[in-house]
Every structure is written in C-alpha cells, then in structure tokens.
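# Observations on the three-dimensional arrangement
The chain contents come next:
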Amino acid sequence: MRVFIISAVLALSAAQTIDPSVLINIFGTPPPTESTGTHQKLEDITVRPTEAATFHDKDGQSCQCVPYYLCDSNNVGVDINNASVTGWGQLDIRFGDDNTRECQESVEVCCTVPKDPAVVPKPTPKPIKGCGYRNTQGISITVTGAGNEAQFGEFPWVVALLDSRNSSYAGVGVLISPEVVMTGAHIAAKFSSGDLKIRAGEWDTQTTKEIYEFQERDVKEIVIHESFMPKSLKNDIALLRLLTPVELSEHINVICMPEQDEVFDSHKNCVANGWGKNVFGRQGRYAVILKKVEQDMVAHTRCNNLLKRTRLGTNFKLHNSFVCAGGEEGKDTCQGDGGAPLVCPTGDNRYKLTGLVAWGIGCGQKDVPAVYTNVPKYRHWVDDRMDDWGLAANSYRISK
C-alpha cells in the first residue's frame, strides 16, 4: 500500500544554485497565499454525514447512528463489525461498497437502543504523565479497518493550523508548551499573528463527536527564525505564542524537545503526522483522519549523496539545518502538510521532536529520503525565545 502524507508543496529552491524552472517541476506550483473563497474549512472537506440517520437491518429492526459511547455492544445494529462499542473495544472505520457500515461518521455506530446523551456525559480526560507519550492503542476506543490513519489521541502533540479569517486549513504544528506551538517558518511567514489559530486534539476533521473535544486558540505572536531563507528553506522554524494556553490532558499534550545538536541518524521507527492535502476534497464517504507514517532516519552524508542522484544534481549540498528520513519505496511524506512534526522513540512509548516537514523530491521513490528541519540544531534558540516570553521550558524536558 502506498502511504503518501506530508510535505511542503512549494515552488522554492532546495539549493540556491538550482534553476527555478527545475524547482517548479520538482515541487509544483505554490498554493495561493491570500485568503480566497476557494479555501476549504476542515469541516467542509468531505461529505457531511446525516444527523440522526435511521436504518433497518435484514430483520426489519431499526437502528440509529450515534457516537459509540452512547451504545451498548448488545444494541449494535447493522454495523456488525463493531462488536464492542462501550468505550473499551474496537470500532471499524472502513467505508465503501464492500463494507456493511451505514453510519458515515467514523465515531458512530448504528444502535438499536441509544442512550440519552443528556444522562451520559462525556468523561473527563486523564491527566498527562509528562511530555511525549504516545497513546498507541488510542484513547477510549481502538479503530480498525484503517490504513495509515492514526488512533484517536495517539499523537496528542499534533495540532492543525487554521486561517482565523475563514477557518481554512493552513498546515500542521506541534505543541511544545501549553502556550507555544512550533511549525515551519515557510508556513508561519504567510500569516500575521492575528490571522492564525491552532486546533489541538483534532483527529477526524469531519466530526465533533469524538469522546473528548478539541481546543482552539488564537495566535498572538509569531516568531520566525531570524536566519530563515525562503528560497532555500534553510532555518525553516517558527514559534507561535498562543493568546491563552491549552489545557493539557491525555489527548492534548506536548512533545519532548531534543537536546542541543542531538543526533538521531541511527533511529528507527520515527513517525511523521498530518492530515494530508492529497486526500482533501470531496472523497465520497471517507473521513479525513489524522495520518501517520513510520520512517527510519537517514544519516546526513548518505542523504546528501542520495539527493545528488535526483534532479537536484551533483552540485547539491544539503545544509546542516536539515535532517532526512525515509527513502522506502511507496512510503513517503510527500504531499500535504508543511511544518508537521517528525518524532523519534526514546523508549516506553515516549518520543522526542526530531524534525519538521520541509521539502522532498517526488513521491515514494526508492532511496529518495524526505527532508525535514533539523530541530535539535535550534534547542538553544527555542529556550531563549521561551525565556523572552517568561515561560518555563520544563514542559518539554524529559526528567532525568
């Protein structure tokens, strides 16, 4: 199965010596930066499910589509794959003609005797244990039938970036503090601070019926690295300070930061996330759920040599503000969400932030790694900005 989710699709050069016309062929034409009516809100991306839809099974028994936590397993109707939907079982999210699923929202089941939501309040999320913990089995429910979709709450540090003027989708960021989000400078540079907001705790963009709600916050200040170079994407990092902090819980949490110049070249099973612009648009009944792709890191020298074999040419030199991952055929971060995090495991289902999606050559080609901002290079810069704001940096530190 081909897994294509995230990168900045930009007409920007990866090296200043490259002819711009070649870069357009590599990266594509850049998307419009102005707010227009053609931009889509996250909620408008796919077909909206019907409210209170009622269906009948082969025995003529009716059932109603409701969030899974409002139905006992004994009362599940036509959704025969969802045998346990009481908050600790599995939920099949497949759609299409080859599946019996009637309900169009990923978190819904068809229930013969739904519970009254007025008497079944949503539970309170559990407190966090510290930065960087991945919920590998999801929270409250484990989804099946997925391809490269993440579980609900699996990566609690991933946030969506939205244009606050029209709620259109702008990219992805990563929570490093209750008040601070990190993203790519090439994303942040398109906005003034008052024109951007973040959404933490998002999973399926087509529903608001997850067991725990997302949180939106306005951005009050944007700090772009002073050495960011738009033409080469060197030093492609920015921090967004939120107007009010998010409330941390098991589905909204901060990632752990690496040490200054920490090296991840030999790390395996690192993970990149995003919603993937290549699946945006009206795609039948498929919901747009947070994606994930696992990749191994690629050493800087090897990555540079591999990229020289591409259209970048033999004179290409990979700057030290970049790191690389991937290069496995059919598995890449090649279209969609700039600024999205790449994280690497440190043990015990815990992760450190390693990179931010920057750019790439082609899609899923063998021995062509994707290129990310080298986050460890900027740890001191991040600490200094946090200090300027009077914010504690202990939120993203791993306790010794």
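The structure this text deals with has already been given above.
Before going into details, it helps to say that this report is about the structure given with it. Since the model is a prediction, treat every value here as computed from it, not as a measurement.

Structurally, the position occupied by Arg350 is in strand 19 (residues 350-359). Salt bridges are absent for the buried Arg350, whose nearest opposite-charge side chain, Asp348, sits at 6.6 Å. Engagement of the side chain of Arg350 in a polar contact is seen with the backbone oxygen of Cys131, the distance being 2.7 Å.

The next subject is the pairing of strand 11 (residues 215-224). Two elements, strand 10 (residues 196-200) and strand 11, share 4 bridges in a ladder whose sense is antiparallel. Bridge pairing in strand 11 places Ala200 opposite Gln215. Both strand 11 and strand 12 (residues 238-242) contribute to a ladder of 5 bridges, which runs antiparallel. Along strand 12, the bridge assignment pairs Val223 with Leu239.

Looking now at the packing of aromatic side chains. What the rule picks out here adds up to 8 aromatic pairs. Aromatic pair Phe152 and Trp203: ring centres 5.9 Å apart, planes at 75°, arrangement edge-to-face. Placement of the pair is Phe152 in the loop between strand 6 (142-144) and strand 7 (158-163) and Trp203 in the loop between strand 10 and strand 11, with a sequence separation of 51 residues. Neither residue differs from the other here; Phe152 and Trp203 are each classed as buried. Where Phe155 meets Trp157, the ring centres are 5.9 Å apart and the plane angle is 75°; that geometry is what we call edge-to-face. In this structure Phe155 comes out as buried when scored by relative accessible area, which is 4%. When its relative accessible area of 0% is taken as the criterion, Trp157 is described as buried. Clustering of aromatic rings is evident, with ring pairs tying together Phe152, Trp203 and Tyr212. Sitting over the ring of Tyr133, Lys129 keeps its end group 4.4 Å from the ring centre.

Quick look at helix 3 (residues 300-308) now. Each full turn of the α-helix corresponds to 3.6 residues, which orients residues three or four apart in the same direction. Listing the buried residues of helix 3 in full gives Cys303, Asn304, Leu306 and Leu307. The arc that holds the buried residues of helix 3, viewed along the axis, is 165°, so those residues lie on one side. Residues of helix 3 that are buried sit in contact with strand 15 (297-298), strand 16 (322-325), strand 19 and strand 20 (370-374).

Here we come to the sheet that holds strand 2 (residues 54-56). Reading across the sheet, the 3 strands line up as 2-3-5 and stay open at both edges, with antiparallel pairing between neighbours. Only two strands of the sheet have a single neighbouring strand rather than two, namely strand 2 and strand 5 (108-111). For this sheet, the mean angle separating the axes of adjacent strands, direction not counted, is 35°. In this sheet, strand 5 lies alongside strand 3 (residues 62-67) in antiparallel orientation, the contact comprising 4 bridges. By the bridge assignment, Gln64 is partnered in strand 5 with Cys111.

Attention shifts here to empty space enclosed by the protein. As enumerated under the stated definition, the model contains 2 cavities of 30 Å³ or more in all. As a volume, the largest cavity reaches approximately 70 Å³. The wall of the largest cavity is formed by Gln151, Phe152, Gly153, Glu154, Phe155, Pro156, Val158, Gly201, Glu202, Trp203, His251 and Leu290. Per-class residue counts for the lining of the largest cavity are 6 nonpolar, 4 polar and 2 charged.

Leave glycine aside and you will find that most residues have negative phi; peptide bonds, for their part, are mostly trans. Look at Leu233: it is not a glycine, yet its phi comes out positive at around 65°. With respect to the helices and strands, Leu233 occurs in the loop between strand 11 and strand 12. Even without being a glycine, Asp348 presents a positive backbone phi close to 60°. Note that Asp348 resides in the loop between strand 18 (341-347) and strand 19.

All right, on to the sheet that holds strand 10 then. In space, the 6 strands of this closed barrel follow the order 7-8-9-12-11-10, with antiparallel pairing throughout. Geometrically, the sheet is characterised by an average inter-axis angle of 40° between neighbouring strands, direction not taken into account. Examined bridge by bridge, strand 8 (residues 169-177) and strand 9 (residues 180-183) share 3 bridges and lie antiparallel to one another. In the strand pairing of strand 9, Val174 is matched with Met182.

About the cut-offs
Residues numbered from 1 in each chain as written. Predicted model: local features only at pLDDT ≥ 70, side-chain atom pairs only at ≥ 80, totals over all residues. Heavy atoms only, no water. Helix = DSSP H or I, 4+ residues; strand = E, 2+ residues; numbered from the N terminus. Buried < 20%, exposed > 50% of the residue type's maximum accessible area, 1.4 Å probe, protein only. Lys, Arg positive; Asp, Glu negative; His and termini not counted. Salt bridge = Lys/Arg side-chain N within 4 Å of Asp/Glu carboxyl O. Polar contact = N/O pair within 3.5 Å; in protein donor to acceptor, adjacent residues only side chain to side chain. Pairing = 2+ DSSP bridges. Phe/Tyr/Trp six-rings, centres within 6.5 Å; stacked < 30°, edge-to-face > 60°. Lys NZ or Arg CZ within 6 Å of the ring centre and 35° of its normal. Arc of directions from axis to C-beta. Contact = heavy atoms within 4.5 Å. Axes fitted to C-alpha atoms, helices over the stretch in contact; angles between N-to-C directions. 1 Å grid on protein atoms, 1.4 Å probe; cavity = no way out; pocket = protein on both sides within 12 Å on 5 of 7 lines; lining within 4 Å. Points joined across faces, edges and corners; volume = space filled by probe spheres on them. Nonpolar A, V, L, I, M, F, W, Y, C, P; charged D, E, K, R; others polar.

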